[in-house]
Structures are given as structure tokens and as C-alpha cells.
Amino acid sequence: MTARNILSWSPSAIVFDCDGTLMDTERHWQEARTSTFRAFGLKPPAGFAGRAKGVHYKECGALMAKETGKPDLADDLADTLLITFTALVDEDPVTMPGAAALVGLAARHLPLAVASNCPREMVESCLDRAGLLRSFKHVVVAGETVRPKPEPDVYDVAARLCGVPPEEALAVEDSLTGMESARRAGLRVIGLGAVPPGPEAEQADLWVTSLADRELVKWARSRIGA
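The model shown is predicted, which means the values in this text are computed figures rather than measured ones.

This brings us to the pattern of salt bridges. By the definition in use, this model includes 13 salt bridges. The shortest N-O distance in the salt bridge between K149 and D17 comes to 2.9 Å. Residue K149 is located in the loop between strand 3 (138-141) and helix 8 (153-161), and its partner D17 is located in the loop between strand 1 (13-16) and helix 2 (26-39); the two are separated by 132 residues in the primary sequence. Judged by its relative accessible area of 2%, K149 is buried. For the salt bridge of E67 with R51, the shortest nitrogen-to-oxygen distance reads 2.7 Å. You can see E67 sitting in helix 4 (residues 57-67) and its partner R51 sitting in helix 3 (residues 48-52), a full 16 residues away along the chain. Relative accessible area serves as the criterion here: at 29%, E67 is assigned to the partly exposed category. On the basis of relative accessible area, R51 is assigned to the partly exposed category, the value being 38%. Each member of the salt-bridge network shares a partner with another, and the members are R147, E151, D153, E180 and R184.

Below, the structure written as C-alpha cells:
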């Protein structure tokens with residue numbers, strides 16, 4: 001799928017990631033990871049932030065433990081990470097540029113859902129405090145029967161709850177982990193951020209630097225609800 005093709009297409013539903021897509025929380029995750037490493041007297045491995053982006057917090061705790069040679073600390077690291085992150089978000093919930101406007105426009109015409117690796121209470125609390133929760137018909141999170149990204153489950157379930165087959169739905173994502181999940185589920189993907197080098201660029205059908213991107217806004221106004 002090329003940018004030209006996706007911009008001439010009208011989705012039947014849109015599924016948004018939350019962290020880093022709707023909510024400006026990646027900085028909170030980074031601060032929480034740094035704080036958690038420090039609390040256990042551990043040094044963050046080089047490049048860890050990139051490897052941890054979009055990863056479920058339990059898997060992030062396991063990765064932190066593995067890369068610091070402390071496998072027995074995986075659960076404690078994950079619990080501390082989540083507690084620290086939650087406190088930071090509660091103090092400073094901020095939406096990503098263009099997110100509120102795009103969600104508001106899309107919600108008037110299409111069923112919307114959120115697909116996240118974060119706990120439900122955290123996702124719903126963030127969106128509620130930002131005034132976005134009421135726009136979404138469904139919030140799908142990883143759990144006992146729904147595997148976390150990069151598995152396709154959250155996006156597959158979200159699209160079907162919206163009443164459409166995955167191939168008729170659009171995913172909006174900022175992490176390569178999430179984009180892989182959406183693509184494996186069969187959704188078309190808008191990638192948020194800088195285009196990565198090499199084959200990873202193919203994870204998204206269209207890349208935009210912001211949800212306020214002029215071309216994206218023009219597409220939304222002309223194709224959503226068409």
C-alpha cells in the first residue's frame with residue numbers, strides 16, 4: 001500500500017494506539033524506566049529506550065532484568081515501572097498535537113477504538129482526563145486471552161468490535177511494535193514519527209510527523225465519512 005493509495009481510501013473504522021499516538025506519554029515511560037533502573041541501583045543499557053518503546057510493561061520489566069543480568073527482579077521491575085509511570089501520567093496528562101481534532105472529526109462518522117498494551121484502567125483514565133474517552137466505542141488492551149503487541153490480537157479484536165473486518169479498518173500507531181501488530185491483523189497503518197531507514201519503513205502505509213499534518217488533515221476532512 002502506498003501513500004497515494006491510502007489517501008484515496010475511506011476506512012470503515014479507525015483504531016488508535018494510545019501511548020505516543022493519542023497521549024504524549026513516551027516521555028513519561030522514559031522517565032519511569034530511568035527512575036526504575038535508579039531505584040534498583042541499575043544502569044540503563046545503551047539504546048534501551050528504543051528497544052522498550054511500545055513494549056508491554058511486564059515484558060519491559062523482563063527486558064530490563066535480562067539486560068542488566070538480574071532475571072530474578074523481572075516482576076519487581078515491572079511493578080515499579082507501572083506504579084512510577086501511572087503517577088507521572090496522573091500529574092501531567094497531555095494529548096499529542098492534532099490528536100483531539102482528528103478524533104473529534106472521525107468520531108462523528110466512524111466507530112473508533114483504542115488498542116493498547118497498557119492496563120485498561122490506565123488507558124481509560126488518561127483518555128478521560130484528556131476529554132477523549134467518550135469518542136471511543138471500545139478500548140482493547142492486552143490480557144489473559146488477548147496477547148500484547150506485536151501479536152495481532154488487540155487490533156484484530158478492536159476492528160471486529162467496531163463491526164468491520166480488519167482489512168477495512170485503519171490503525172494509527174507511533175511504535176514499530178504496534179505497527180507490526182496492526183499489519184499482522186490486516187489493518188492499513190498510518191505511522192506517526194520519522195520514517196525509519198531500511199525495511200522497517202514498510203511497516204506503515206503512510207508516515208506523518210504529526211496528527212496535525214496538513215496532508216493527513218486534508219485526507220480526514222475529505223475521506224472520513226465519505
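Once that is clear, we can look at the sheet that holds strand 5 (residues 188-192). Strand pairing within a sheet occurs via backbone hydrogen bonds; the two strands may be parallel or antiparallel. Sheet architecture is open: six strands sit in the order 3-2-1-4-5-6, paired in parallel fashion. Across the chains shown, the open sheet's two edge strands, defined by having one partner strand only, are strand 3 and strand 6 (206-208). For this sheet, the mean inter-axis angle between neighbouring strands, taken without regard to orientation, is 20°. In the sheet, strand 4 (residues 169-173) pairs with strand 5 via four bridges, with the strands oriented parallel. Bridging across to strand 5, V172 finds its partner in I190. Those strands touched by helix 8 are strand 1, strand 2 (112-116), strand 3 and strand 4, and its axis lies near 160° from that of strand 3.

Rules and cut-offs
- Residues numbered from 1 in each chain as written.
- Predicted model: local features only at pLDDT ≥ 70, side-chain atom pairs only at ≥ 80, totals over all residues.
- Heavy atoms only, no water.
- Salt bridge = Lys/Arg side-chain N within 4 Å of Asp/Glu carboxyl O.
- Helix = DSSP H or I, 4+ residues; strand = E, 2+ residues; numbered from the N terminus.
- Buried < 20%, exposed > 50% of the residue type's maximum accessible area, 1.4 Å probe, protein only.
- Pairing = 2+ DSSP bridges.
- Axes fitted to C-alpha atoms, helices over the stretch in contact; angles between N-to-C directions.
- Contact = heavy atoms within 4.5 Å.

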